[in-house]
Amino acid sequence: MIEKRKLLDSASIHTLTWSAILNKYQPYQFVRRLQLRIVKAVRFKRWGKAKYLSRVLTHSFCAKLLAIKRVTTNKGAKTPGIDNVTWLTDVEKINAIFCLKRKGYKPLPLRRIYIPKKDKTKLRPLSIPTIKDRAMQALHLLALEPIAETLADINSYGFRPFRSCADAIQKIFTVLSHKYDAQLVYEADIKSCFDKISHDWLLANIPMDKVILRKWLKCGYIENYRKFNTQEGTPQGGIISPVLMNMTLDGLEKFIRKNFPAWKRSKVNFIRYADDFVITSPSKELIENEIAPLVENFLQERGLQISVEKTRISHITEGFNFLSQNVRKYGKSKQKLLIKPSKESVKSFKEKLKIAFKKGKGIAARTLIKRINPIIRGWSNFHKHIVSKKTFWKLSKYIFTKQLKWAKQQHPNKKIHWIWKKYFSSGSQKGQFSVSDKGKDGKSRIFQSFQIGMIPIVRFVKIQSEANPYILADEKYFAKRLIEKKKTALLSRQKCIFLPLK
C-alpha cells in the first residue's frame, strides 16, 4: 500500500498551522495500517515484504508528521543537541517536514553529559542527539517497533508499550508463590548494557535501514569541546536506543528454555525488565553449571557481559530486591510470598521529601504542597499494587511530622493551636496538611497534601504475555485494559479524598 496523496509544495503547507496539518491529514490512521501490515509480514516470515513496507513508512508524509510531533511534545523537546536548535514554533515544525530525508542525511555528533546513578556515587553517561537526529530516529522507530514487539521475549517488560514494572513483579509472584515452585533466584545485571553492545551484531541483525543505522552508531560524541569516536554501544538519550537494546537481548528467554527438558523447564523461569533480569531455579548447581554459562555465552556474542557486583544467587526465604521492591517468603513454614517496597526505595523516598521540605523553608504553604504532592503520588502509585499498606501508614506519620515541623519553623512565635487551625483543620480529613488560598481564577479554594495513608491497595492484573498492540485481533483487549486502568485510577483518587491541584 503506497501513500495515495498529492505531493504538497512548501507554499501550500505554510498556509496552515501545525495543529491544522495534523487534523487535516490524521497521520495516525495511515501509519497504523502500515504497521499492521509490517507485523503480518514478519509473522509469516516475509522479510522482503516487511522491508518494502518499512521503506514506504519511513518515506511517508504522515510518518514524518508523527515523528516531529513526538520529539516536540516529549520531556526533552526543549533540550538541544550540539547545534543548539529546537523546534518550538509552528514554522520550525513545518520546515522540519522537508528536512527528514534519507538522501544526504548525516547525523551530527552527540552532546555528552553525565547524570548521577541511583547510588549517587557514580555517573551515568547521557548522549543527546540533535532535534533533527531525534526526529529521524522517531521516524524509523515507527517501522522498527512493530517488528521488535513481534519478535520480543514474552516475559520482557521494559521499554515496551502497554507493559510496566507491575507486570514484571506480578509475573515473579506467579512463578514463585506456590509451594512447588522454584526456591532459588539468579539475579543478574548487565554491565554498561547500552555502552557495550557490539556494532557488528546490531548491523547484522537489526531489520532496518543499515546505512542509517551505521551513521547513528558511528557519529561519535562531543565532550569538553573534543570529538570522540564510538566503536561500540548505543547512546543513552537516543529515542531508538531502548528498542535496539531490547532487540539485542530478545531471544535470551527462548535460548534458556530450549536448553532444558520439560521437567526442568517448569521451574526455570525468565523475567526481564530492560537490562535487569531474574531466573528462577530449583537448585544452586543448576544455576552455576548450566544457566549462568548459557547466559554468558549468549551475551558474549553481542559484546556484553554480566556485572559481577550486582549478580547474586538468593533463596526465596532470604528475599531479593527487584525494581525497588522486595520479594520474600514469610511465616513459620516459609510458604507465604509477600512483595513489599524495598528498604532502599523507602529510604530514597524519605530523602526526596526531606530535601523538598528543606528547600521549602520560607515559601508559601500552597507552593510547598505543589512540590511534595507529585513526589508522594508518584511513589505511592508505583507501590500500590503490592503489600504496602503498613508502609504507607508509617510514611504517612513521617510526612505529618515533617509538615508539622515546617509549620513551626514558619511561625516560631505562634502556639500549636494556632498552627493546627491554620494548616491542619481545613482539609477533607482531620489532620490533613492544607491551606486556603486563591487560585489563578481568583476564587478561593483549599489546597491539600496528598494522603499516602489513604491509598487503597489494588491488585494488578498482568498483561497477557503474547498480546501485541500491533495485531488487529488484540485491539479490543488493549482497549478494555485501558478502560479498566482509568477506572482503577479514578477509584483510587476518590478513596483518597484528594482534591487535584489546578
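A short tour of the structure in this document, coming up. (Residues numbered from 1 in each chain as written. Predicted model: local features only at pLDDT ≥ 70, side-chain atom pairs only at ≥ 80, totals over all residues. Heavy atoms only, no water.)

Applying the stated rule across the entire model yields four cavities of 30 Å³ or more. Of the pockets and cavities examined, the largest cavity occupies roughly 70 Å³. Lining the largest cavity are Thr58, His59, Lys64, Leu100, Lys101, Arg102, Met136, Leu139, His140 and Asp209. Looking at the lining of the largest cavity, the element that brings in the most residues is helix α7 (residues 131-151), giving three residues. By residue class, the composition of the lining of the largest cavity is three nonpolar, three polar and four charged. (1 Å grid on protein atoms, 1.4 Å probe; cavity = no way out; pocket = protein on both sides within 12 Å on 5 of 7 lines; lining within 4 Å. Points joined across faces, edges and corners; volume = space filled by probe spheres on them. Helix = DSSP H or I, 4+ residues; strand = E, 2+ residues; numbered from the N terminus. Nonpolar A, V, L, I, M, F, W, Y, C, P; charged D, E, K, R; others polar.)

A few words on the sheet that holds strand β11 (residues 336-341). The strands that make up a sheet pair up through hydrogen bonds in the backbone, lying either parallel or antiparallel. One open sheet accounts for three strands, arranged β9-β10-β11; its pairing is antiparallel. Among the strands making up the open sheet, the edge pair consists of β9 (320-322) and β11. For this sheet, the mean inter-axis angle between neighbouring strands, taken without regard to orientation, is 30°. Where β9 lies against strand β10 (residues 325-330), three bridges are found, and the strand directions are antiparallel. Among the inter-strand pairings, Asn321 is bridged to a residue of β10, identified as Asn326. (Pairing = 2+ DSSP bridges. Axes fitted to C-alpha atoms, helices over the stretch in contact; angles between N-to-C directions.)

Moving on, we get to the layout of surface pockets. A water-sized probe, rolled over the atoms, reveals where empty space remains. In this structure, the second largest pocket spans a volume of roughly 1,100 Å³. Lining the second largest pocket are 39 residues, with Ala166, His385, Phe460, Val461 and Lys485 sitting closest to its centre. Put simply, the parts of the chain that give the lining of the second largest pocket at least two residues each are α8 (165-176), β11, α17 (365-383) and α20 (475-495). Top contributing element to the lining of the second largest pocket by residue count: α20, with twelve residues. Considered class by class, the residues forming the lining of the second largest pocket number 21 nonpolar, seven polar and eleven charged.

Quick look at the packing of aromatic side chains now. Tallying each qualifying case throughout the model produces 15 aromatic pairs. Arranged with centres 5.3 Å apart and planes meeting at 75°, the rings of Tyr25 and Phe61 form a pair that is edge-to-face. With Tyr25 in helix α2 (residues 18-25) and Phe61 in helix α5 (residues 61-73), this residue pair connects regions lying 36 residues apart in the sequence. Here Tyr25 falls in the buried class, since its relative accessible area comes to 12%. Residue classification places Phe61 among the buried positions, given a relative accessible area of 16%. Ring geometry for Tyr423 and Phe433: centres 5.8 Å apart, planes at 20°, overall stacked. Of this pair, Tyr423 sits in helix α19 (residues 416-423) while Phe433 sits in the loop between α19 and β12 (434-438); the two residues are ten residues apart in sequence, bridging distant segments of the chain. Take Tyr423 and Phe433: they sit in the same class, and that class is buried. Through pairs of rings, three or more aromatic residues link up here, namely Phe400, Trp406, Trp420, Tyr423, Phe424 and Phe433. For the cation-ring pair, Lys350 lies above Tyr398, with the distance from its terminal atom to the ring centre recorded as 5.0 Å. Above the ring of Tyr423, the side-chain terminus of Lys422 is found at 5.5 Å from the ring centroid. (Phe/Tyr/Trp six-rings, centres within 6.5 Å; stacked < 30°, edge-to-face > 60°. Buried < 20%, exposed > 50% of the residue type's maximum accessible area, 1.4 Å probe, protein only. Lys NZ or Arg CZ within 6 Å of the ring centre and 35° of its normal.)

A few words now on the packing of helix α16 (residues 343-359) against helix α18 (residues 389-410). Running from N to C, α16 and α18 point in directions that differ by 15°, and their axes come no closer than 11 Å. On the basis of their axis angle, the class for α16 and α18 is roughly parallel. Seen along the crossing, α16 lies across α18 with a hand that is right-handed. Listed contacts from α18 to Val346, Phe349, Lys350, Leu353, Lys354 and Phe357 of α16 are Thr391, Leu395, Tyr398, Ile399, Lys402, Gln403 and Trp406. Taken together, the residues of the contact of α16 with α18 sort by class into eight nonpolar, two polar and three charged. (Parallel < 35°, antiparallel > 145°, perpendicular 65-115°, else oblique. Left-handed = near helix turned anticlockwise from the far one by under 90°. Contact = heavy atoms within 4.5 Å.)

Not every positive phi belongs to a glycine, and Phe162 is a case in point at roughly 70°. Structurally, Phe162 can be placed in the loop between α7 and α8. Of note, Lys334 is a non-glycine position whose phi angle comes to about 55°, a positive value. Relative to the helices and strands, Lys334 resides in the loop between β10 and β11. The partly exposed category is assigned to Lys334, whose relative accessible area is 33%.

Turning to helix α11 (residues 210-217), a few remarks are in order. Restricting attention to buried positions, one finds in α11 the residues Ile212, Leu213, Trp216 and Leu217. End-on, the buried residues of α11 take up no more than an arc of 130°, which puts them together on one face. Structurally, α11 contributes buried residues whose contacts are with α7, α10 (199-205) and α12 (241-249). N-cap assignment for α11: the residue whose side-chain oxygen lies 3.1 Å from the backbone N of Val211 is Asp209. (Arc of directions from axis to C-beta. Polar contact = N/O pair within 3.5 Å; in protein donor to acceptor, adjacent residues only side chain to side chain.)

Take a positive patch on the surface next. Taken together, Lys122, Arg124, Lys191 and Lys310 make up a surface patch of like positive charges. Given the relative accessible area of 48%, Lys122 is considered partly exposed. (Patch = residues over 30% accessible without salt bridge, like charges linked within 9 Å, V, L, I, M, F, W, Y side chains within 5 Å. Areas by Shrake-Rupley, 256 points an atom, 1.4 Å probe, with all protein chains shown as cover. Salt bridge = Lys/Arg side-chain N within 4 Å of Asp/Glu carboxyl O. Lys, Arg positive; Asp, Glu negative; His and termini not counted. Charge placed at Lys NZ, Arg CZ, Asp CG, Glu CD.)

Moving on, we come to the sheet that holds strand β1 (residues 110-116). Across the sheet, which stays open at both edges, the four strands sit in the order β2-β1-β4-β5 with mixed pairing between neighbours. The sheet terminates laterally at β2 (123-128) and β5 (226-228), the two strands that pair on one side only. Within the sheet, the average angular offset between the axes of one strand and its neighbour, ignoring direction, is 40°. Examined bridge by bridge, strand β4 (residues 221-223) and β5 share three bridges and lie antiparallel to one another. From the neighbouring strand, Ile222 faces β5, where its bridge partner is Lys227.

Honestly, that's just the spatial picture; any functional story needs more than this.
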